[in-house]
Amino acid sequence: MEFERLSRENGLWTRLWLNWDSACSEFNESFSDFAPSALSVLKTLAEDPQTKSAGVFGVVRGDDVLAACQLNVAGLPGYSGKVLRLRHLVLSPRFDFSEDTTVDDYVDVLSTMFAGTVRCAETAMPADHIKLHFRSPADREFFNRFQRELSGSATFGSVQMRGAWLYLTKTQS
């Protein structure tokens with residue numbers, strides 16, 4: 001699995017749209033009813049990017065886009081340095097409708113999304129802080145385990161859970 005920017009230019013956004021529409025049809029569901037709020041935000045950003053400080057990123061495996069999210073980097077009140085935020089996380093309709101996806105599949109996607117976001121804070125969207133927004137209470141438990149493992153690491157000076165967010169502050173070098 002790879003974490004990549006999804007855009008009209010690189011064809012990955014179109015691939016997501018076609019694959020997810022096909023997946024919804026396969027399960028007799030309407031793609032237009034699938035995650036309309038999040039997908040409308042992502043669609044606008046992927047098809048007509050206005051800034052390099054925000055973009056649509058996703059987890060890609062072969063020809064399939066397994067998940068997509070918005071990443072944006074900005075200066076926020078109360079922070080010294082930039083903050084990279086992950087928002088509007090949406091997983092492929094297969095996670096909603098198929099009985100073949102497993103918890104391990106879900107964990108793999110979330111782990112790839114997490115690691116990719118951290119890499120973006122080092123490369124494409126440099127930031128001293130990272131905030132990840134959860135989709136569900138199960139995600140909170142998943143990231144709670146990350147918090148326990150990452151606390152005291154050499155990479156992060158601070159790892160905290162606050163409401164539906166995981167807050168990370170990179171160790172200053």
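Residues numbered from 1 in each chain as written. Predicted model: local features only at pLDDT ≥ 70, side-chain atom pairs only at ≥ 80, totals over all residues. Heavy atoms only, no water.

As a further point, take empty space enclosed by the protein. Summed over the entire model, instances satisfying the criterion amount to one cavity of 30 Å³ or more. Estimated volume of the largest cavity: approximately 40 Å³. Along its surface, the largest cavity is lined by L86, L89, L110, M113, F114, L132, H133 and F143. Elements that contribute at least two residues to the lining of the largest cavity include exactly β4 (82-91), α4 (103-122) and β5 (129-133). The biggest single contributor to the lining of the largest cavity is α4, with three residues. (1 Å grid on protein atoms, 1.4 Å probe; cavity = no way out; pocket = protein on both sides within 12 Å on 5 of 7 lines; lining within 4 Å. Points joined across faces, edges and corners; volume = space filled by probe spheres on them. Helix = DSSP H or I, 4+ residues; strand = E, 2+ residues; numbered from the N terminus.)

A few words now on the nonpolar core. L71, L84, L89, M113, L166 and L168 are the most contacted members of the largest nonpolar core, which has 33 residues in total. Contributions of two or more residues to this core are made by β2 (54-61), β3 (64-75), β4, α4, β5, α5 (137-150), β6 (156-162) and β7 (165-170). Within the second largest apolar cluster, 19 residues are counted, among which are W20, L45, A54 and A68. (Core = buried A, V, L, I, M, F, W, Y, C linked by side-chain atoms within 4.5 Å. Buried < 20%, exposed > 50% of the residue type's maximum accessible area, 1.4 Å probe, protein only.)

A few words on the sheet that holds β2. Read across the sheet, seven strands follow the order β1-β2-β3-β4-β5-β7-β6 without closing on themselves; strand pairing throughout is mixed. Only two strands of the sheet have a single neighbouring strand rather than two, namely β1 (2-5) and β6. Ignoring which end each strand starts from, the neighbouring axes of this sheet average 20° apart. When β3 meets β4, the two strands line up antiparallel, connected through eight bridges. (Pairing = 2+ DSSP bridges. Axes fitted to C-alpha atoms, helices over the stretch in contact; angles between N-to-C directions.)

Attention shifts here to helix α2 (residues 36-47). With twelve residues, α2 should cover 16 Å at 1.5 Å per step; its first-to-last C-alpha distance of 16 Å lies within 8% of that length. Where α2 is concerned, the buried positions are A38, L39, L42, L45 and A46. Projected onto a plane normal to the axis of α2, the buried residues spread over an arc of 130° and lie on a single side. Along α2, the residues that are exposed and aim more than 90 degrees away from the buried face are S37 and T44. Among the structural elements, α1 (12-26), β2, β3 and β4 are those in contact with the buried residues of α2. (Expected span 1.5 Å × (residues − 1). Arc of directions from axis to C-beta. Contact = heavy atoms within 4.5 Å.)

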